[in-house]
Amino acid sequence: MTPEFWLDRWQHGETGWHLPEINVHLQEFWPGLGLVPETLVFVPLCGKTLDLLWLASRGHGVVGVEISELGVQELFAENALEPRVTETPPFRTYAVDELRVLVGDYFDLTPAQLEGVGAVFDRASLIALPPQMRPAYAEHFKAIVPATAKSLLITLDYDQAEMSGPPFSVGRDEVQTHFGDRYSIERLASFDVIDESPGFRRRGLTALAEHVWRLEPHR
Ligand SMILES: C[S@@+](CC[C@H](N)C(=O)[O-])C[C@H]1O[C@@H](n2cnc3c(N)ncnc32)[C@H](O)[C@@H]1O
């Protein structure tokens, strides 16, 4: 999954992962993290998700990273927001009020850009990446996200032999392998979503679960 793959998807409007509404699991489970509104939230591989705006509406500062500048432009334009655009090499930053989206590669982020982050929301980020990239994603995550930050992570779980990703299947063992050294991992909920996913059924899936995980740093 090269940057070109994603840029091409954006260029051709093939953004089937994008939801026209706020993620329901975010709305249900975010309050349970018990964060104060001042908490700065990191949203990796953010696309143009409306979740950024929902988090900002709760008073959070929000920082996202997205490799497609087109996607970021659509985020602001579709929500009638006029961003300030600044050069912050190796990123270009689009910002309005307390929302900042860094245009560039997640793997170029350093701890400096995520200084002060206290929570992370990952929906369709880890599972966007193929198996061979996920260890590097997780290692980089732990290198750049402050060790005290909590996370809400949403994954899909299915028989990878039935369908090729993205989105890829990520089960409990893998979440534990990537993040268990730093976090206590609790599965908050699981949903059977195959009936809501006719597109995946057409691609061959017979069963599909969506899991919501809370990652709490070990004390
Ligand atoms: C499956 S989409 C999910 C977007 C968003 N999380 C959502 O819920 O709508 C994955 C996004 O990651 C972006 N992306 C992929 N690789 C990236 C990278 N290395 N750095 C930054 N963004 C990346 C893609 O352009 C795409 O918008």
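Note that this is a predicted model, so its numbers are computed, not measured.

## Here's the deal with the sheet that holds strand β3 (residues 84-88)
Pairing between the strands of a sheet comes from backbone hydrogen bonds, and it takes one of two forms, parallel or antiparallel. Overall, mixed pairing links the 9 strands, which are arranged β3-β4-β5-β2-β1-β6-β7-β9-β8 in an open sheet. Among the strands making up the open sheet, the edge pair consists of β3 and β8 (183-192). Strand after strand, the sheet turns through a mean of 20° between neighbouring axes, direction not considered. Sheet topology places strand β1 (residues 40-43) next to strand β6 (residues 117-123); 3 bridges connect them, and they run parallel. Across the sheet, residue F42 finds its bridge partner in β6, namely V120. Strands β7 (150-157), β8 and β9 (209-217) of the sheet are contacted by helix α6 (residues 172-179), whose axis makes an angle of about 155° with β8.

## A look at the packing of aromatic side chains
Enumeration over the complete set of coordinates arrives at 10 aromatic pairs. When the centroid spacing of 5.6 Å and the interplanar angle of 70° are considered together, the rings of W10 and W17 count as edge-to-face. By relative accessible area, W17 is classed as partly exposed at 23%. An aromatic cluster of three or more residues is present, and its members are Y106, F107, Y137, F141, F179 and Y183.

## So, the UniProt feature "binding site: S-adenosyl-L-methionine" (unreviewed entry) in the protein chain
Using the residue numbers shown here, the UniProt feature "binding site: S-adenosyl-L-methionine" (unreviewed entry) corresponds to W10, L45, E66 and R123. Looking at the secondary structure, you find W10 in helix α1 (residues 3-11). Overall, W10 belongs to the buried group, its relative accessible area being 3%. With residues up to four places along the chain from it excluded, the contact list for W10 reads T15, W17, G47, K48, E66, S68, L70, G71 and E74. Relative to the helices and strands, L45 resides in the loop between β1 and α3 (51-57). Residues in contact with L45, not counting those within four places in the same chain, are V65, E66, Y106, S125, L129 and Y137.

## A short note on the site of the ligand
Around the ligand lies a shell of 15 residues, among which L45, E66, D105, Y106 and R123 are the nearest. Residue L45 places a main-chain N or O atom 2.9 Å away from a nitrogen atom belonging to the ligand. For the ligand, an oxygen atom lies 2.7 Å from a polar atom in the side chain of R123. Protein chains shield 96% of the accessible area of the ligand, which is 600 Å² for the free molecule.

## Details of the side chain of S197
Topologically, S197 is positioned in the loop between β8 and α7 (198-202). Polar contacts involving the side chain of S197 include one to the main-chain carbonyl oxygen of V193, which spans 2.7 Å.

## Description of unusual backbone geometry
A cis geometry characterises the amide bond from G165 onward to P166, with omega recorded as -5°. The omega angle of the peptide bond from P166 to P167 is 0°, so this bond is cis rather than trans. Considering the arrangement of structural elements, one finds P167 in the loop between β7 and α6. The backbone of A80 shows a phi angle near 55°, a positive value even though the residue is not glycine. Mapped onto the fold, A80 is located in the loop between α4 (69-78) and β3. Phi is positive for D97, close to 50°, though the residue is something other than glycine. Residue D97 is classed as exposed on the basis of its relative accessible area of 68%.

Scoring rules and cut-offs
- Residues numbered from 1 in each chain as written.
- Predicted model: local features only at pLDDT ≥ 70, side-chain atom pairs only at ≥ 80, totals over all residues.
- Heavy atoms only, no water.
- Pairing = 2+ DSSP bridges.
- Helix = DSSP H or I, 4+ residues; strand = E, 2+ residues; numbered from the N terminus.
- Axes fitted to C-alpha atoms, helices over the stretch in contact; angles between N-to-C directions.
- Contact = heavy atoms within 4.5 Å.
- Phe/Tyr/Trp six-rings, centres within 6.5 Å; stacked < 30°, edge-to-face > 60°.
- Buried < 20%, exposed > 50% of the residue type's maximum accessible area, 1.4 Å probe, protein only.
- UniProt positions renumbered as here; feature names shortened; annotations may be inferred.
- Near = heavy atom within 4 Å.
- Polar contact = N/O pair within 3.5 Å; in protein donor to acceptor, adjacent residues only side chain to side chain.
- Areas by Shrake-Rupley, 256 points an atom, 1.4 Å probe, with all protein chains shown as cover.

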